[in-house]
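Close look at the chain arrangement
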Amino acid sequence: DTSAHQSTPSNAAPEGIALVSLDEFRRIKLRTAEVISAAPHPKADRLLILQIKIDNCVKQVVAGIRQFYTSEQLIGRTVIVVDNLQPVKLRGEESNGMILAVKLPDGGLRLLTTDGVAPSGLEIS
């Protein structure tokens, strides 16, 4: 019986998930970025202060990834960032974007990157 293996489409979001429209999603600008420097935040054990390059623009991003990555592990890596996030201050340091990562079931974390070499500034579609 194959009907047990078929799923029916649902318009309902999974519990606790708010749906966004396609227009809302299109407003988010995801881009590739190269990490050009990374340093521990002096006032927060879990934060790193990163300088990232998107095309020819350098931005500062503060990321809560210090317990998972050292500064040396990040420099030169291509990551995926939200490029048009409103700036925020995190423990006195301005953050101008967000690096995307996935939380692992074991409590770990992995950065979202490209499958192979890609220049900074590419739009994710």
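Use the structure listed above.
Throughout what follows, the structure given in this document is the object of discussion. Quick caveat: nothing in here was measured; it's all calculated off a predicted structure.

Analysis parameters
Throughout this description, residue numbers start from 1 for each chain and increase along the sequence as written. In keeping with the model being predicted, local features are shown solely for residues with a pLDDT of at least 70 and side-chain atom pairs are shown and tallied solely at 80 or more, while totals for entire chains, interfaces and linings include all residues. Working from all heavy atoms in the structure, the side-chain values ignore hydrogens and water. Secondary structure elements follow DSSP: runs of H or I no shorter than four residues count as helices, runs of E no shorter than two count as strands, and numbering proceeds from the N terminus. We compute the radius of gyration over the C-alpha atoms and compare it with the globule rule, which gives 2.2 Å times the number of residues raised to the power 0.38. Exposed residues in this analysis have more than 50% of their type's maximum accessible area, buried residues have under 20%, and partly exposed residues fall in between, with area computed by a 1.4 Å probe over protein chains only. With residues, only the protein chains shown are counted as cover, and all accessible areas are computed by Shrake-Rupley using a 1.4 Å probe. Under the convention used here, Asp and Glu are negative, Lys and Arg are positive, and both His and the chain ends fall outside the count. Charge positions come from single atoms, namely NZ of Lys, CZ of Arg, CG of Asp or CD of Glu. Just to be clear on terms, a salt bridge is a Lys or Arg side-chain nitrogen sitting within 4 Å of an Asp or Glu carboxyl oxygen.

**Some points on the overall build of the chain**
Check the secondary structure of the chain and you find two helices and nine strands. The linear arrangement of helices and strands in the chain, starting from the amino end, is α-β-β-β-α-β-β-β-β-β-β. Scaling as 2.2 N^0.38, a compact globule of 125 residues should have a C-alpha radius of gyration of about 14 Å, whereas the chain reaches 18 Å, well beyond that. The C-alpha extent of the chain, read off along each of the three principal axes, is 60 × 30 × 30 Å. Taking all 125 residues of the chain together, the buried fraction comes to 32%. Total accessible area computed for the chain in this model is approximately 8800 Å², and 52% of it derives from carbon and sulfur atoms. Side chains of the chain carry 14 positive and 14 negative charges; the gap between the two charge centres is 7 Å.

**Examining the pattern of salt bridges**
Overall, the coordinates contain four salt bridges when judged by the stated rule. The closest approach of N and O atoms between Lys 59 and Asp 83, which form a salt bridge, is 2.6 Å. One end of the pair, Lys 59, is in strand β3 (residues 57-63); the other, Asp 83, is in the loop between β4 (78-82) and β5 (88-90), and 24 residues separate them in sequence. There is no split in this pair, since Lys 59 and Asp 83 are both buried. A single salt-bridge network, built from bridges that share partners, covers Arg 31, Lys 59, Asp 83 and Glu 123.

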